[in-house]
Every structure is written in C-alpha cells, then in structure tokens.
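Residues per chain, in single letters:
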Amino acid sequence: MKLLIVLTSHDQLGNTGEKTGFGLEELAAPYYAFKDAGVAMTLVSPLGGQPPLDPKSDDPSAQTEATLRFKADPAALSILANTSKLSDVVAADFDAVFYPGGHGPLWDLAEDTHSIALIETMLASGKPVAAVCHAPGVFRHPKSADGQSVVAGKKVTGFTNTEEEAVGLSKVVPFLVEDMLKQNGGSYSKQADWMPYVVSDGLLITGQNPASSEPAARALMALLA
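The structure reproduced in this document is the subject of the present report. Positions within a chain are numbered from 1, following the residues in the order the chain's sequence is written. Whole-chain, interface and lining totals are the exception, using all residues; otherwise, since this is a predicted model, local features are given only for residues with pLDDT of at least 70 and side-chain atom pairs are given and counted only at 80 or more. As a rule here, side-chain values cover all heavy atoms of the structure and leave hydrogens and water aside.

## Quick look at the packing of aromatic side chains
Next up, step 1: Stacked, edge-to-face and tilted are the three classes for Phe, Tyr and Trp ring pairs, Trp counted by its six-membered ring, which pair at centre distances within 6.5 Å; planes under 30 degrees apart are stacked, over 60 edge-to-face, the rest tilted. The full count for this structure, using the stated rule, is 5 aromatic pairs.
Next up, step 2: Here Y31 and F70 contribute two aromatic rings whose centre-to-centre distance is 5.3 Å and whose plane-to-plane angle is 85°, an arrangement assigned as edge-to-face. Placement of Y31 in helix α1 (residues 24-36) and of F70 in helix α2 (residues 65-71) is noted, with a sequence separation of 39 residues between them. F70 matches Y31 in its accessibility class, with the two residues each being buried.
Next up, step 3: Here F34 and F98 contribute two aromatic rings whose centre-to-centre distance is 5.5 Å and whose plane-to-plane angle is 80°, an arrangement assigned as edge-to-face. One end of the pair, F34, is in helix α1; the other, F98, is in strand β4 (residues 96-99), with 64 residues separating them in the sequence.
Next up, step 4: Linked through ring pairs, Y31, Y32 and F70 together constitute an aromatic cluster. Strands here are runs of E lasting at least two residues and helices are runs of H or I lasting at least four, both read from the DSSP assignment and numbered beginning at the N terminus. For each residue, the accessible area found with a 1.4 Å probe, counting protein chains only, is set against the maximum for its type, and the residue is called buried under 20%, exposed over 50%, and partly exposed in between.

Structural data, given as structure tokens:
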C-alpha cells in the first residue's frame, strides 16, 4: 500500500505575528500507525522541504508517546525535512491520502489548486482521503463529478467551533472548519471537545481533533484492508 501524506507549508498565524504550521501529534501518531503496519509513505507539502511545525503542538504539555518517538527518530525527522513538492504528485501512484491538521492548512492547502485536484482525482478514482482536526478544511473547494462539494450529503467531522473558541482563534482563522463543512452540505457531527472522534463515510474519513489522529489512521487502513 502506498500512502501520500500532505502537510502544510504555511507558518503565519493570520496577522497575529505568531507562528503556526502542522500539528505534531497529528503527524506522529498516524506516521507510526502506518509505519508499524508496513505502509509505504511519501510526505509532500506545497513548498517542499521542511514543513513548519506549529509551536503550540510542540509544547511540553502536548507531548505524547508518538511525538516523543518521532522527535527521537532520525529517519522520520529526515523524511520530514525533505518533503517533496505537492505539485509533483501523480495521484495514480498512491492508494490513499492522509492530511494532518494544525492551523496551517486553513491558509494554504484549503486553497491550493494542486491539493484540490488531488482530492478530486483520488475520490473519482475510488481512493480514500482522510483528514484530521483542521485538515478537513481541505474539503472547502473540491467538487464531485456532479459539481457538488465532495462533502455534500456525507457524514463528516472536524475541529469544532467550540474547540476553536477554546484556543482563542475563532477570529483569526480564515474560516471555521465546522461551519464550512455544514455550508458545503456535509452531515456534520461531533463529540465533546478534545475527545477522539472519527467519522467514515464512503471514501471520506475525518477526525475531530488531535486525539482523533491515530484512530483516523487506523480507520483508513481498515478501509484499505
């Protein structure tokens, strides 16, 4: 099985002057779920090279077994530092796509024409796409063959409005993931803030928050099995 992991290249948290990027747990936990299952992974980002790490996700209080393992893994760190460019991706080369979150994707991947085309091509080819936390924001623009949003009529989840309020960024982000999924016709559901929650519907797998990252990875592998 060949899996594509798409990471953000965006490092500015709106006009706050603070940094953002991808969430460490949202990469690390799925990375080892896939690696330990023998899945071949390719990491890409819009700009290639080292994707920016959201500093909040690297806070000592945010560390998990997976993040500590990742940070102590020279091979994983090397792969992360040398991501290929998203624009060079050939969808036919992969069986599935996984998007880790962090706030960064709301600015770049949600609007990236290569990401939009990748999602549309994968789904049209019968291949699954998974996204966790803020990464379901990548479903803002992709359309199905009928011209409707790829989430229209689909059961989905993603970072909740109340979780965004809790981190104080409701007025900073370009859009709220929960609101966008509903506006695009998704059948949105959620659990209590910060609890693991994953929804699978056909080829779409979505996770609510960082705690949902590894369960979303396992749901993707189950779908491919």
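Having seen the model, we can carry on.
## Observations concerning the nonpolar core
Next up, step 1: Here, the term nonpolar core denotes a set of buried Ala, Val, Leu, Ile, Met, Phe, Trp, Tyr and Cys residues that are joined through side-chain atoms within 4.5 Å. In terms of nonpolar packing, the biggest core is built from 33 residues, with V6, Y99, L118 and F139 touching the most fellow members.
Next up, step 2: Those elements that place two or more of their residues in this core are β1 (2-6), β4, α4 (113-124), β5 (129-132) and α6 (177-183).

## Some remarks on the side chain of D108
Next up, step 1: Here D108 lies in the loop between β4 and α4.
Next up, step 2: For the buried D108, no salt bridge is present, and the opposite-charge side chain at shortest range is R140, 11 Å distant.
Next up, step 3: Not counting the four nearest positions on each side in its chain, D108 is found in contact with T8, S9, H10 and P46. Charged residues are defined here as Lys and Arg on the positive side and Asp and Glu on the negative side; His and the ends of the chain fall outside this count. A carboxyl oxygen of Asp or Glu within 4 Å of a side-chain nitrogen of Lys or Arg is what we treat as a salt bridge. By definition, residues are in contact when any of their heavy atoms lie within 4.5 Å.

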